[in-house]
Amino acid sequence: MAANMYRVGDYVYFENSSSNPYLIRRIEELNKTATGNVEAKVVCFYRRRDISNTLIMLADKHAKEIEEESETTVEADLTDKQKHQLKHRELFLSRQYESLPATHIRGKCSVALLNETESVLSYLDKEDTFFYSLVYDPSVKTLLADKGEIRVGPRYQADIPEMLLEGESDEREQSKLEVKVWDPDSPLTDRQIDQFLVVARAVGTFARALDCSSSVRQPSLHMSAAAASRDITLFHAMDTLYRHSYDLSSAISVLVPLGGPVLCRDEMEEWSASEASLFEEALEKYGKDFNDIRQDFLPWKSLTSIIEYYYMWKTTDRYVQQKRLKAAEAESKLKQVYIPTYSKPNPNQISTSNGKPGAVNGAVGTTFQPQNPLLGRACESCYATQSHQWYSWGPPNMQCRLCATCWLYWKKYGGLKMPTQSEEEKLSPSPAAEDPRVRSHMSRQAMQGMPVRNTGSPKSAVKTRQAFFLHTTYFTKFARQVCKNTLRLRQAARRPFVPINYAAIRAEYADRHAELSGSPLKSKSTRKPLACIIGYLEIHPSKKPNVIRSTPSLQTPTTKRMLTTPNHTSLSILGKRNYSHHNGLDELTCCVSD
């Protein structure tokens with residue numbers, strides 16, 4: 001019962017797609033709609049897969065800086081698998097709010113600010129546990145450090161010197177120490193000090209009566225007297241007493257100089273009514289994030305002025321009224337909601353029949369389907385071949401699948417458990433990876449368009465190369481003739497961006513191999529080696545075509561250019577040659593060997 005009860009402030013999983021990972025959100029409000037449904041106003045958290053590669057590089061740089069300053073386990077002490085899974089636990093807080101149906105909640109999780117004094121392995125040891133250290137702004141695509149970090153560690157501790165012995169002189173620089181502003185052992189009594197403070201308040205009230213701007217802000221005598229009784233007036237009066245060695249006559253003369261009475265104002269009096277309204281609006285949106293308040297609402301105010309006004313504003317009746325209003329609104333809203341466990345089958349679940357896995361993600365438009373295309377296919381994450389339930393994963397034409405354990409990990413953490421070989425080389429580069437000849441080759445999985453698992457996303461994360469070598473195997477040549485119905489070369493040529501279902505072609509070829517064993521097929525042509533082509537070009541150089549140009553005259557119109565029939569030969573290897581010469585298929589081509 002308690003596991004299915006969700007309250008304001010809980011971190012929960014939301015499902016917006018049956019195939020994509022869960023969304024991680026924090027519940028801010030629970031509201032009941034007019035139709036009787038419950039909607040949750042939530043704060044958005046983003047994963048690494050949701051932001052751009054440029055911002056991921058900034059996040060990695062920030063993580064390295066934290067590791068250098070931290071005294072706990074560094075990343076070098078972690079294994080490749082731990083580094084891979086740790087990236088799935090990192091989130092990015094945002095100031096973005098959205099409303100989602102409460103029925104889409106799929107469970108609880110825990111999100112905490114990254115603790116520099118705690119080992120990162122503690123987040124991997126706990127299920128459904130995440131951390132964040134940066135704030136992501138989806139509107140401007142930026143990452144900033146969170147202002148709410150707890151400053152714990154030796155960097156933020158004061159250095160306490162040893163206690164001075166009796167008679168030992170203090171060698172510290174006195175100008176950097178605090179300045180004394182009050183002496184409790186003064187010659188004045190408490191009654192005399194209170195009388196002087198009353199005089200200071202009266203002078204402050206009289207000064208506000210003479211000031212035109214103050215008369216507009218405090219039109220009544222009571223408001224002027226209340227403003228004159230604030231702390232700024234009392235601090236000025238006590239400081240005046242201390243500077244004049246607690247001489248009352250001298251201090252009173254300073255309160256009323258020749259130019260008129262001294263007027264002391266604090267931030268509550270300096271701010272206008274419109275500025276106060278802007279501040280309350282900003283406080284409702286950003287909370288106590290004074291940097292954002294100053295940047296978006298009050299750029300003409302200093303940060304010190306805004307902070308000082310905030311703590312003074314909390315002592316006013318306006319703050320008390322707003323606090324009571326919010327408490328009344330909170331009483332009318334829902335405190336918690338019960339969401340039963342979601343038990344409907346996932347559309348990506350692979351159905352089984354007679355104990356054998358059924359066909360999943362079959363290619364559309366093919367006339368031949370193998371009986372069991374996924375029979376014996378391993379999990380894309382842990383390479384397991386047995387599971388009580390399988391789920392399709394990735395593009396439909398790839399026919400990839402995950403076991404039940406890896407599917408739950410994918411939904412919760414947005415990635416796959418095990419890093420791929422490309423991920424391991426990225427985490428710990430070897431000397432062979434520095435060779436440009438090795439780096440120029442892509443993995444077989446990436447060349448075939450299969451999902452690359454270094455980021456845990458079905459999308460390929462390997463960048464395409466501009467130069468590559470495409471070699472046609474004998475199996476492909478035979479498949480062009482045997483599997484014409486499934487392969488459909490003309491349709492595939494019109495849609496080069498759609499991958500070919502090679503699993504279905506392989507299965508069809510295996511079924512028809514017995515029928516064609518009596519009459520083996522031969523390829524239409526055989527590509528001749530490069531040495532034969534070079535030898536032929538050296539013996540048969542091409543001639544430069546002659547261009548016949550007619551001389552223009554006034555009597556006859558200008559004739560078009562007449563070209564002789566081109567001779568498909570070349571003077572050198574760099575000359576233009578047709579496809580037949582490249583492949584040695586010309587009827588006059590002969591192979592010349594050394």
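What counts and what doesn't
Residues numbered from 1 in each chain as written. Predicted model: local features only at pLDDT ≥ 70, side-chain atom pairs only at ≥ 80, totals over all residues. Heavy atoms only, no water. Helix = DSSP H or I, 4+ residues; strand = E, 2+ residues; numbered from the N terminus. Buried < 20%, exposed > 50% of the residue type's maximum accessible area, 1.4 Å probe, protein only. Contact = heavy atoms within 4.5 Å. Areas by Shrake-Rupley, 256 points an atom, 1.4 Å probe, with all protein chains shown as cover. pLDDT = per-residue confidence, 0-100. Phe/Tyr/Trp six-rings, centres within 6.5 Å; stacked < 30°, edge-to-face > 60°. Salt bridge = Lys/Arg side-chain N within 4 Å of Asp/Glu carboxyl O. 1 Å grid on protein atoms, 1.4 Å probe; cavity = no way out; pocket = protein on both sides within 12 Å on 5 of 7 lines; lining within 4 Å. Points joined across faces, edges and corners; volume = space filled by probe spheres on them. Nonpolar A, V, L, I, M, F, W, Y, C, P; charged D, E, K, R; others polar. Core = buried A, V, L, I, M, F, W, Y, C linked by side-chain atoms within 4.5 Å.

*Asks:* If you had to explain the overall build of the protein to someone new, which residues and values would you point to?
*Replies:* Secondary structure assignment for the protein yields 23 helices and 15 strands. A burial count over the protein gives 32% of its 594 residues as buried. For the protein, the proportion of contacts with a sequence separation of at least 24, taken over those separated by at least 6, is 65%. Surface exposure of the protein reaches about 39,400 Å², of which carbon and sulfur atoms provide 54%.

*Asks:* Can you lay out the confidence of the model for the protein for me, pointing to particular residues and giving the numbers?
*Replies:* For any part of a model where pLDDT is low, the fine detail of the predicted coordinates should not be relied upon. Per-residue pLDDT for the protein averages 75, and the proportion of residues at 70 or more is 71%. Per-residue pLDDT, averaged within each element of the protein, yields its smallest value for helix α17 (residues 444–447) (40) and its largest for strand β2 (residues 11–14) (96). The model gives residues 424–465 a pLDDT under 50, and that stretch makes 70 contacts with residues more than four places away or in other chains.

*Asks:* Tell me about the packing of aromatic side chains, and please be specific about residues and values.
*Replies:* Overall, the coordinates contain 22 aromatic pairs when judged by the stated rule. Consider the rings of phenylalanine 45 and tyrosine 132, whose centres lie 5.9 Å apart with planes at 65°: the pair is edge-to-face. Here the residue phenylalanine 45 occupies a position in strand β4 (residues 38–47), and tyrosine 132 occupies one in strand β7 (residues 129–137), the gap between them amounting to 87 residues. Residue tyrosine 132 is classed as buried on the basis of its relative accessible area of 11%.

*Asks:* An account of the pattern of salt bridges is needed here, citing residue identities and associated values.
*Replies:* If you walk through the whole model with that rule in mind, you get 16 salt bridges. Here glutamate 29 and lysine 333 are joined by a salt bridge, their closest N and O atoms 3.1 Å apart. With glutamate 29 in strand β3 (residues 23–32) and lysine 333 in the loop between α13 (317–332) and β9 (336–338), the pair connects residues that are 304 residues apart, well separated along the chain. Across the salt bridge formed by glutamate 280 and arginine 318, the nearest N and O atoms sit 2.9 Å from each other. With glutamate 280 in helix α10 (residues 273–286) and arginine 318 in helix α13, the pair connects residues that are 38 residues apart, well separated along the chain. We classify glutamate 280 as buried; its relative accessible area is 14%. In the salt-bridge network here, residues are joined through shared partners; they are Glu15, Arg106 and Lys411.

*Asks:* Explain the layout of surface pockets to me, using residue names and the numbers behind them.
*Replies:* To find leftover empty space, a probe the size of one water molecule is rolled over the atoms. Counted as a void, the second largest pocket has a volume near 1,500 Å³. Lining the second largest pocket are 48 residues, with Tyr97, Glu284, Lys285, Tyr286 and Gly287 sitting closest to its centre. For the lining of the second largest pocket, the element with the most residues is α13, which contributes seven residues. Class assignment for the residues of the lining of the second largest pocket results in 19 nonpolar, eight polar and 21 charged.

*Asks:* An account of empty space enclosed by the protein is requested, with residue identities and associated values reported.
*Replies:* With the rule as written, the count across this model stands at two cavities of 30 Å³ or more. Computed from the structure, the largest cavity encloses a volume of approximately 60 Å³. Forming the boundary of the largest cavity are Ala200, Val203, Gly204, Thr233, His236, Leu255, Val262 and Cys264. Among the elements of the structure, α4 (190–210) and α7 (231–243) are those that each provide at least two residues to the lining of the largest cavity. No other element matches α4, which puts three residues into the lining of the largest cavity. Taken together, the residues of the lining of the largest cavity sort by class into five nonpolar, three polar and no charged.

*Asks:* Quick one: what's the story with the nonpolar core, residue by residue and with numbers?
*Replies:* The biggest cluster of nonpolar side chains holds 15 residues, and the ones touching the most others in it are Ile24, Phe45, Leu91, Cys109, Val111 and Phe130. Going through the elements one at a time, β2, β4, β5 (90–101), β6 (105–113), β7 and α14 (404–413) are the ones with two or more residues in this core. The biggest single contributor to this core is β7, with three residues.

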